[in-house]
Structure formats: structure tokens, C-alpha cells
Amino acid sequence: MEQDPIERFEAVALPHLDAAYTLARYLMRDDAAAQDVVQEAFLRALKYFDRFRGGDARAWVLAIVRNTSHSWRRRQGDRPVEFDERVHSASVEEHTPEAALLRSADREMVRRALDRLPLELREVIVLREIQGLSYKEIAGVAGIPIGTVMSRLSRARARLEQVLGALAGRE
Amino acid sequence: MRCAEIEQRIGALADGELVEAEARDVEEHLRSCPACRAAHERVLALRTALEQHAPPLAAPDRLRAAVHARLETAASVSRRPVAWRWLAAAATLVAAIGGTWQVATTVSDGRALADQVLASHVRSLMPGHLTDVASTDQHTVKPWFNGRLDYSPAVSDFAGAGFPLIGGRLDYVGGRPVAALVYGRRQHMIDVLLWPTESGTRAGPASLTRQGYHLLHWVGPQYTYWVVSDLATPELRQFSELLQRAEAATYR
């Protein structure tokens, strides 16, 4: 007897629910929105399950979560990033922090620095450093060439270093 | 290799994305170049900070349950018989409703309303018609109705009691646009249609069963409710009590 398609879908997709929530939470910056995005993403994934031809189920789920997050933000209009004069002033932007200063950053600083990144930079750093995806996998999830993954990671790291350096340097 | 070339590869080295030969070249350069070494150190320090303070997360239980409920609902809807059979059944509802109805409204009003409520529910079970706003968050669903209705429906979530909020939609019943709130109970869907009570009217819960669907109706102090589902009446009453208690809590 053929396995019920919903059961088959659950077996394929549900193991990646934690990863789905992780990506949504960091992209949306808001827990309630992240939960809504994950629910919508799983329903979309179910709808398009016949297009999934086996292979990396985690990457497939994450791609749908990523796209759903982007649609969500477009629909709601991006909330403007809080502007902090001290972080964006010219002298701070020239300053390259030392590694020790970066390591001293606390949770609030790290979260705030991440939240400040533009969405297209935040998603590559989350997929790489938090979720451990390879460049090839990130390219697949975000729908961009590997070269773009590399350059965005480079910009994301530079931006995070500057912001964290400024936040940690204030203490 | 010159620094400008190395700079672009430092991230890739830290990410383990360089082929062995290239990795060796970059590492050799780092040994003799303090500036590039410092850049590499910064990438590693950033990694440490992220690992410590921005870890992978576990999906909250509530989310896990909500995703499960939605998938089970989709499963039960897809397994239902073809929708037209149920629409035909709903059409015979008008003739079937008779003196069993005991509400403050007239019998013909009750008959017409019950007919419309059931048709609304049956229609909602067709693919893509369940909700206009799909969210388990009452703080998302309630404001969604602003500007779409001339009243603001009370929206509560009863996920803790096993009746998670699934979303909401606009419907048209009794000659007016109304709020429909959708709840889940295992694989069942429950529709709650509610609108403001006309002053002076009150009526205790009355129940009706037709074609496998159960309807409950009452007129509360703030809102008038119709609850419809294929869920058995005892559980539907249990759910209705949650609605009544939630209304009483806000009405004080």
C-alpha cells in the first residue's frame, strides 16, 4: 500500500523544523513573525512537495523558509533599522576592531549587530555561521551564485565587525 | 600571493571552502603577513561571538504543535470526498431544520442563518478557502479585521487546551460581512462566526446536527456566536465554554 503523501511529507520535512525556525527567527527578528513564517513555509512546502525529487531535504525546506521570509517582509514593509549616530559616524567606520574586542561582545550586542544587517547580508551569515551550510548549499537556499555568496559573506563580516567593534568599544 | 588576493580568500579559508593547494598558499602568506593574519583572527573571533550568542534554536513546542495541526488538517481535507456532495447536502438543510431550533430569533431566521453558517463552513473546507489570514497569533488575527469589518472580533488562542487558533477569514452571513475564526482540534476544523450582539437579546446555547456537522449557537453579552464543525457535540460544547469564559473575562 502506498504511503499517504502527507505522511511522506512529514517524514521528509519535519526533521528540519528546528532549522526552519532558526532561519526564520534570525531573518524576521521577531518570534511571532518567525512562527507564522514557518507555518506558512511548511504549508507551501506541502503544496509543492511533488516538485521535491529527493536529495537535500534540509536545503529544500530552508529555501522555502527563506523565500517565505522575504515575501513576508515585502508584504509588511521592512521596519527601519534604528539609526545609531555613534555606530554610523565616519570615524567609527574606519576603525577595524581587534579580535579580542569582538570576542568580548555580549549577547545583546551580537543580536543587535545581526539585526542591523540588511536582510541579504544577514541571511548568508546566518546560513554559514549559525547553520553551517556550505557555500554551494547557501547558493541553493538563497538562489544566488556562489561568487555572490562569497562577496556577501565578506561584506556581512566586515559590517558585523564594525558594528560589534563600535558596540563593544563603548563599554 | 599579494595581500589584495589573499583578503578575498580569508573568509573562504575560515569556512573550509578552499581546495588544499589554495589553502596551503593562503596559510603560508598568513604566516608572514600580520595584517592578513589579523583579518583572519577577526573572522575567527566573530565566529566565536556568534557561536556563543547566536546559536541554532529549537522550534518552540507551540510551533511544532501548530505545524502538526495544519498538516493534519490539510491531510483530512485532501482525504474528504468530493466537495459537491457536501454542497448538495447543505442545500437540503433548509427543509430539514424545523422545530428543534430553540433560540430567541424566529424559526425562519434561525433556519436561514444555520443554512448559511453551514454553507460557509463547507465552503471553507475547499482548498484555499480556509483562511484569509493564517496565523496562530491572536495579535495578528484580531487586527487583520480592522478596516475590513465594522467591528473588532474578540480573538483568543486556546492552544493550551488543545484547540489552537489556525487563522481567520471574512465571510458573509445573515446579510452582512462577519468574522470567521478558524480553530483546530486534532484533524478537525472548527469555524466560529461572531458578530456584535444586538442590545437586549440573550439566548443560551442551542445545538443542531445535520449531515454529520454539529452547530452550536448562542447570544452572549458582547457577541453572538455560531460554532460549526464535524467535531462531536460534547467536545464542541467544551470548546464553546472556552469561548464563553474568554468573553466573560474581557467583559468585566
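It should be noted that the structure appears before, not after, this text.
We now turn to the structure provided with this report. (Residues numbered from 1 in each chain as written. Chains lettered and ligands numbered in written order. Predicted model: local features only at pLDDT ≥ 70, side-chain atom pairs only at ≥ 80, totals over all residues. Heavy atoms only, no water.)

1. Some details on the packing of helix 1 (residues 5–13) of chain A against helix 3 (residues 31–47) of chain A
Residues and elements named next belong to chain A. The geometry of helix 1 relative to helix 3 is characterised by a closest axis approach of 10 Å and an angle of 125° between their N-to-C directions. In terms of their interaxial angle, helix 1 and helix 3 are classed as oblique. Note that helix 1 runs across helix 3; the crossing there is right-handed. Contact residues: Ile6, Phe9 and Ala13 in helix 1; Phe42, Ala45 and Leu46 in helix 3. In terms of residue class, the contact of helix 1 with helix 3 is built from six nonpolar, no polar and no charged. (Axes fitted to C-alpha atoms, helices over the stretch in contact; angles between N-to-C directions. Helix = DSSP H or I, 4+ residues; strand = E, 2+ residues; numbered from the N terminus. Parallel < 35°, antiparallel > 145°, perpendicular 65-115°, else oblique. Left-handed = near helix turned anticlockwise from the far one by under 90°. Contact = heavy atoms within 4.5 Å. Nonpolar A, V, L, I, M, F, W, Y, C, P; charged D, E, K, R; others polar.)

2. A look at helix 1 (residues 3–14) of chain B
Note that an α-helix has 3.6 residues per turn; residues three or four places apart therefore point the same way. Here helix 1 of chain B spans 16 Å end to end across twelve residues, near enough to the 16 Å set by a 1.5 Å rise per residue. For helix 1 of chain B, every residue scored as buried is listed here: Ile6, Ile10, Gly11, Ala12, Leu13 and Ala14 of chain B. Packing partners of the buried residues in helix 1 of chain B comprise helix 10 (135–142) and helix 11 (146–170) of chain A together with helix 2 (20–32) and helix 3 (34–53) of chain B. (Expected span 1.5 Å × (residues − 1). Buried < 20%, exposed > 50% of the residue type's maximum accessible area, 1.4 Å probe, protein only.)

3. Side note on the packing of aromatic side chains
On inspection of all chains with the given rule, the structure shows 13 aromatic pairs over all chains. Between phenylalanine 163 of chain B and phenylalanine 239 of chain B, the ring centres sit 5.1 Å apart and the planes meet at 40°, which makes this aromatic pair tilted. Of the two residues, phenylalanine 163 of chain B sits in the loop between helix 8 (138–144) and strand 2 (165–173) while phenylalanine 239 of chain B sits in helix 9 (residues 233–251), which places them 76 residues apart along the sequence. The class of phenylalanine 239 of chain B is buried, set by a relative accessible area of 0%. An aromatic cluster of three or more residues is present, and its members are Phe9, Phe42, Phe49, Phe52 and Trp60 of chain A. One cation-aromatic arrangement involves arginine 185 of chain B over phenylalanine 163 of chain B; the distance from NZ or CZ to the ring centre is 4.1 Å. (Phe/Tyr/Trp six-rings, centres within 6.5 Å; stacked < 30°, edge-to-face > 60°. Lys NZ or Arg CZ within 6 Å of the ring centre and 35° of its normal.)

4. Observations regarding the interface of chain A and chain B
On the chain B side, the residues contacting the 42 residues of chain A number 39 residues. Here chain A and chain B share six salt bridges between them. When the shortest N-O distance is used, the salt bridge between glutamate 41 of chain B and arginine 103 of chain A registers 3.7 Å. Where chain A packs against chain B, one counts 16 residue pairs in polar contact (both at pLDDT 80 or more). Sorting the residues of the side of chain A that touches chain B by element identifies helix 1, helix 2 (17–28), helix 3, helix 7 (99–103), helix 8 (107–116), helix 9 (119–130) and helix 11 of chain A as the ones contributing at least two each. Classifying every residue of the side of chain A that touches chain B gives 24 nonpolar, five polar and 13 charged. (Salt bridge = Lys/Arg side-chain N within 4 Å of Asp/Glu carboxyl O. Polar contact = N/O pair within 3.5 Å; in protein donor to acceptor, adjacent residues only side chain to side chain.)

5. Some thoughts on helix 3 of chain B
Its 20 residues place the ends of helix 3 of chain B 28 Å apart at the C-alpha level, agreeing with the 28 Å of an ideal helix rising 1.5 Å per residue. By the burial criterion, the buried members of helix 3 of chain B are Cys36, Ala39, His40, Arg42, Val43, Ala45, Leu46, Arg47, Ala49, Leu50 and His53 of chain B. Among the structural elements, helix 7, helix 8, helix 9 and helix 11 of chain A together with helix 1 and helix 2 of chain B are those in contact with the buried residues of helix 3 of chain B.

6. Things to note about the sheet that holds strand 2 of chain B
Residues and elements named next belong to chain B. What the seven strands build is an open sheet, ordered 1-2-3-4-7-6-5; its pairing is antiparallel. Strand pairing shows two members of the sheet lacking a second neighbour, strand 1 (133–134) and strand 5 (203–210), which therefore form its edges. Where strand 1 meets strand 2, two bridges bridge the pair, whose relative direction is antiparallel. Paired with valine 133 across the strands is glycine 168, a residue of strand 2. (Pairing = 2+ DSSP bridges.)

7. Here's the deal with the pairing of strand 4 (residues 188–196) of chain B
Residues and elements named next belong to chain B. Most of strand 4 sits out of view: eight of its nine residues are buried. When strand 3 (residues 176–185) meets strand 4, the two strands line up antiparallel, connected through seven bridges. The residue of strand 4 that forms the bridge with glycine 184 is methionine 189. Where strand 3 hands over to strand 4, the hairpin turn is made up of two residues, of which arginine 186 adopts a positive phi near 50°. In this structure, strand 4 lies alongside strand 7 (residues 223–229), joined through seven bridges in antiparallel fashion. Counterpart to aspartate 191 in the pairing with strand 7 is valine 228.

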